[in-house]
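Read off the chains here:
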Amino acid sequence: MKPNRRKFIKGAALVGIGAALQTNRAEAGIKLLIQQTGADKFELPPLGYAYDALEPFIDAQTMQLHHGKHHQAYVNKLNEALDKEPSLKGHTLEKLLGKLGSCPETVRSAVRNHGGGHWNHTFFWALLKKETQPGKKTTEALQTAFGSVDAFKKEFEKVSASVFGSGWAWLISENAKLRIVSTPNQDNTLMDISPMQGRPILGLDVWEHAYYLKYQNKRADYIQAYWNVLNWDQVEKNLNG
Ligand SMILES: [Fe+2]
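The model shown is predicted, which means the values in this text are computed figures rather than measured ones.

Procedures and definitions
Residue numbers run consecutively from 1 along every chain, following the written order of its sequence. Totals for whole chains, interfaces and linings use every residue, but because this is a predicted model, local features are given only for residues with pLDDT of at least 70 and side-chain atom pairs only at 80 or more, for both listing and counting. Side-chain figures throughout are based on the complete set of non-hydrogen atoms in the structure, without hydrogens or water. Here a helix means four or more residues in a row that DSSP labels H or I, a strand means two or more in a row labelled E, and each is numbered from the N terminus. Only protein chains enter the calculation, and the probe is 1.4 Å; a residue is then buried if its accessible area is under 20% of its type maximum, exposed if over 50%, and partly exposed in between. Here, residues are in contact when the closest pair of their heavy atoms is within 4.5 Å. Between N or O atoms, a polar contact is any pair within 3.5 Å; within protein, one atom must be a potential hydrogen donor and the other a potential acceptor, and residues adjacent in sequence are included only when both atoms are from side chains. Note that water is not among the atoms used; donors are N, O and S atoms within 2.8 Å of the metal (3.2 Å for Na, K and Ca), so sites may look incomplete. Any coordination sphere not matching a tetrahedral pattern (four donors, all angles between 85 and 135 degrees) or a square planar or octahedral pattern (four or six donors, opposite donors over 155 degrees apart, other angles between 65 and 115) is reported as irregular. By this rule the span expected of a helix is its residue count minus one, scaled by 1.5 Å. To be clear, the arc concerns the directions from the helix axis to the C-beta atoms. By convention in these notes, a salt bridge is any Lys or Arg side-chain nitrogen within 4 Å of a carboxyl oxygen on Asp or Glu.

All right, on to the environment of Gln186 then. Along the chain, Gln186 falls in the loop between strand 2 (177–184) and strand 3 (199–205). Gln186 gets classed as buried once you look at its relative accessible area, which sits at 1%. When the C-alpha atoms of Gln186 and Tyr74 are compared, they prove to be 10.0 Å apart, with 112 residues separating the residues in sequence. Discounting chain neighbours no more than four positions away, the residues touching Gln186 are Tyr74, Arg112, Asn113, Gly116, Gly117, Asn120, His121, Trp168, Met191, Trp207 and His209. Separated by 2.8 Å, the side chains of Gln186 and Tyr74 make a polar contact.

This is the structure:
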């Protein structure tokens, strides 16, 4: 097999979230290790489920636009930035985000915004599935950190609702301690420039593009709906990661 072909397959397996690739994701856990392909390009990963799979909580049109347009645009613009700075080619997305502080200034904002957008959305898609329940380890971890699963949910709702403008709410593990934090825009806690550092366990996109078609300005309703589509199985894997 040609080296480029092998590299492409490796990259595709690591970013893929399709059913056939679940084993890789399970093994990889949170370590998504999003790779550039053989052509040194990042690619839009498949959702792994139908656009209408989360109805009625998240509508098909929102999913289609969110994945096919917004996420695709982050991938395209990230690739455009890397084309301007070939020294950044050949690295995983995690490595690029973890070294933003030393990224050439000419493309730093683009890698931050679009690289962050690519990572955050890839992480988010895997966290969406109907009808799952918190696993044993997740339940115990949330009880230890917040008192109960419900207490965690209340705190997470509060942080999600209070994000000003566009951003994300996260449950992160910081030195094995769970914390709820938020980041602006497409920042995340893997970025060396982020004031909060930690391994994301669970995240919620609270940009208006994630909910406006169905919920308009009622972000609180969208946050409530999230509990119906949160993939607790993936949360458990991320905790184990
Ligand atoms: Fe988004």
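More follows now that the structure is in view.
A few words now on the coordination of the iron ion. Think of it this way: four donors in a tetrahedron around the metal ideally sit 109.5 degrees apart, and six in an octahedron ideally sit 90 or 180 degrees apart. In the first shell of the iron ion, the protein supplies His66 (NE2), His121 (NE2), Asp205 (OD) and His209 (NE2), at 1.9 to 2.1 Å from the metal. Every donor counted, the 4 donor atoms about the iron ion form angles of 90 to 133° at the centre, which fits tetrahedral coordination. In primary sequence terms, the donor set of the iron ion follows H-x54-H-x83-D-x3-H. Of this pair, His66 sits in helix 3 (residues 60–84) while Asp205 sits in strand 3, and the two are 139 residues apart along the sequence. The exposure classification of His66 matches that of Asp205, with both residues buried.

Before going further, it helps to examine helix 7 (residues 149–161). Taking 1.5 Å as the rise per residue, helix 7 with 13 residues should run 18 Å; its terminal C-alpha atoms sit 18 Å apart, in good agreement. Every buried residue belonging to helix 7 is among Val149, Phe152, Phe156, Glu157, Val159 and Ser160, and all of these are buried. Around the axis of helix 7, the buried residues are gathered within 165° of arc, so they sit on the same side. Exposed residues lying more than 90 degrees from the buried face of helix 7 are Asp150, Lys154 and Lys158. Turning to helix 7, the residues buried within the fold contact helix 6 (136–146), strand 1 (167–174), strand 2, strand 3, helix 9 (219–229) and helix 10 (232–240).

On to the environment of Phe42. Its place among the elements puts Phe42 in the loop between helix 2 (22–28) and helix 3. In this structure the C-alpha to C-alpha distance between Phe42 and Tyr74, which are 32 residues apart in sequence, comes to 9.9 Å.

Enumeration over the complete set of coordinates arrives at 6 salt bridges. For the salt bridge of Glu155 with Lys158, the shortest nitrogen-to-oxygen distance reads 3.5 Å. Here Glu155 pairs with Lys158, and both are found in helix 7, just 3 residues apart, close to one helical turn. Given the relative accessible area of 30%, Glu155 is considered partly exposed. By relative accessible area, which is 55% here, Lys158 ends up exposed. In this structure, Glu174 engages Arg179 in a salt bridge whose closest nitrogen and oxygen atoms are separated by 2.9 Å.

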